[in-house]
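# An overview of the molecular structure
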Amino acid sequence: QVQLVESGGGLVQAGGSLRLSCAASTRIFTMETMGWYRQAPGKQRELVASITNDGSTNYAVSVKDRITISRGRGVAKNTVSLQMDLLKPEDTAVYYCNAVWQNTNYWGQGTQVTVSS
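First things first, this report covers the structure right here in the doc. Everything numeric here is computed off the predicted structure, so don't read it as measured data. (Residues numbered from 1 in each chain as written. Predicted model: local features only at pLDDT ≥ 70, side-chain atom pairs only at ≥ 80, totals over all residues. Heavy atoms only, no water.)

### Brief notes about the overall build of the protein
Along the protein, the regular secondary structure elements total zero helices and 11 strands. In the protein, the succession of α and β elements from N to C terminus is β-β-β-β-β-β-β-β-β-β-β. Scaling as 2.2 N^0.38, a compact globule of 117 residues should have a C-alpha radius of gyration of about 13 Å, and the protein matches this with 14 Å. Dimensions along the principal axes, computed over C-alpha positions, put the protein at roughly 45 × 25 × 20 Å. The buried share of the protein, taken over its 117 residues, is 40%. In the protein, of all internal contacts separated by at least 6 residues, the share reaching a separation of at least 24 is 54%. For the protein, the exposed area adds up to about 6500 Å²; of that, 48% sits on carbon and sulfur atoms. (Helix = DSSP H or I, 4+ residues; strand = E, 2+ residues; numbered from the N terminus. Rg over C-alpha atoms; globule rule 2.2 N^0.38 Å. Buried < 20%, exposed > 50% of the residue type's maximum accessible area, 1.4 Å probe, protein only. Contact = heavy atoms within 4.5 Å. Areas by Shrake-Rupley, 256 points an atom, 1.4 Å probe, with all protein chains shown as cover.)

Dropping the structure here:
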């Protein structure tokens, strides 16, 4: 069983920045894809950004150019970070770390991001 531990999040004013980090509990297996999803009240969970183990990235259109996903290397290969800049009130949501390994999705517990106007 893989566990994902998230850190970061919090309250920020519009235009500000936050950084989210996530680490998987295993160093033996390489997560095929890691990423971040978010869920706002009353809305479905949606992909924010993802990155594969070879560095290929995928971003939601709504966050592209404002958010950067990155992944650790070597012993930190199962860590992923999300740098969020120029945050908007509509970015307010619970952000969930996600990892995929052998066709299984693993999820973090979620971290709240609140952007005030």
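### Digging into the sheet that holds strand 3 (residues 18–24)
Taken together, four strands build an open sheet; the order of strands is 1-3-8-7 and the sheet is antiparallel. Two strands close off the open sheet at either side, each with one partner strand: strand 1 (4–7) and strand 7 (67–71). Each strand of the sheet is rotated relative to its neighbour by a mean of 15°, with strand direction disregarded. When strand 3 meets strand 8 (residues 79–84), the two strands line up antiparallel, connected through six bridges. (Pairing = 2+ DSSP bridges. Axes fitted to C-alpha atoms, helices over the stretch in contact; angles between N-to-C directions.)

### Details of the nonpolar core
Core analysis: the largest hydrophobic core is formed by 30 residues, its most contacted members being Leu4, Trp36, Val48, Val80, Leu82, Met84 and Tyr95. Counting residues per element, the ones that place at least two in this core are strand 3, strand 4 (33–39), strand 5 (46–52), strand 7, strand 8, strand 9 (93–101) and strand 11 (111–116). Ignoring anything within four residues of it in the chain, the contact list for Leu82 reads Leu18, Arg19, Leu20, Trp36, Val48, Ala49, Ile67, Thr68, Ile69 and Tyr95. (Core = buried A, V, L, I, M, F, W, Y, C linked by side-chain atoms within 4.5 Å.)

### A few points about the pattern of salt bridges
Counted under the stated rule, the structure contains three salt bridges. A salt bridge links Arg38 to Asp91; its shortest N-O distance comes to 2.9 Å. Of this pair, Arg38 sits in strand 4 while Asp91 sits in the loop between strand 8 and strand 9, placing them 53 residues apart in sequence. For the pair shown, Arg38 and Asp91 are each scored as buried. Residue Asp91 is joined to Arg66 by a salt bridge in which the shortest nitrogen-to-oxygen separation is 2.8 Å. With Asp91 in the loop between strand 8 and strand 9 and Arg66 in the loop between strand 6 (57–59) and strand 7, the pair connects residues that are 25 residues apart, well separated along the chain. This pair shows no difference in class: Asp91 is buried, exactly as Arg66 is. Residues joined by salt bridges that share partners form a network here, namely Arg38, Glu46, Arg66 and Asp91. (Salt bridge = Lys/Arg side-chain N within 4 Å of Asp/Glu carboxyl O.)

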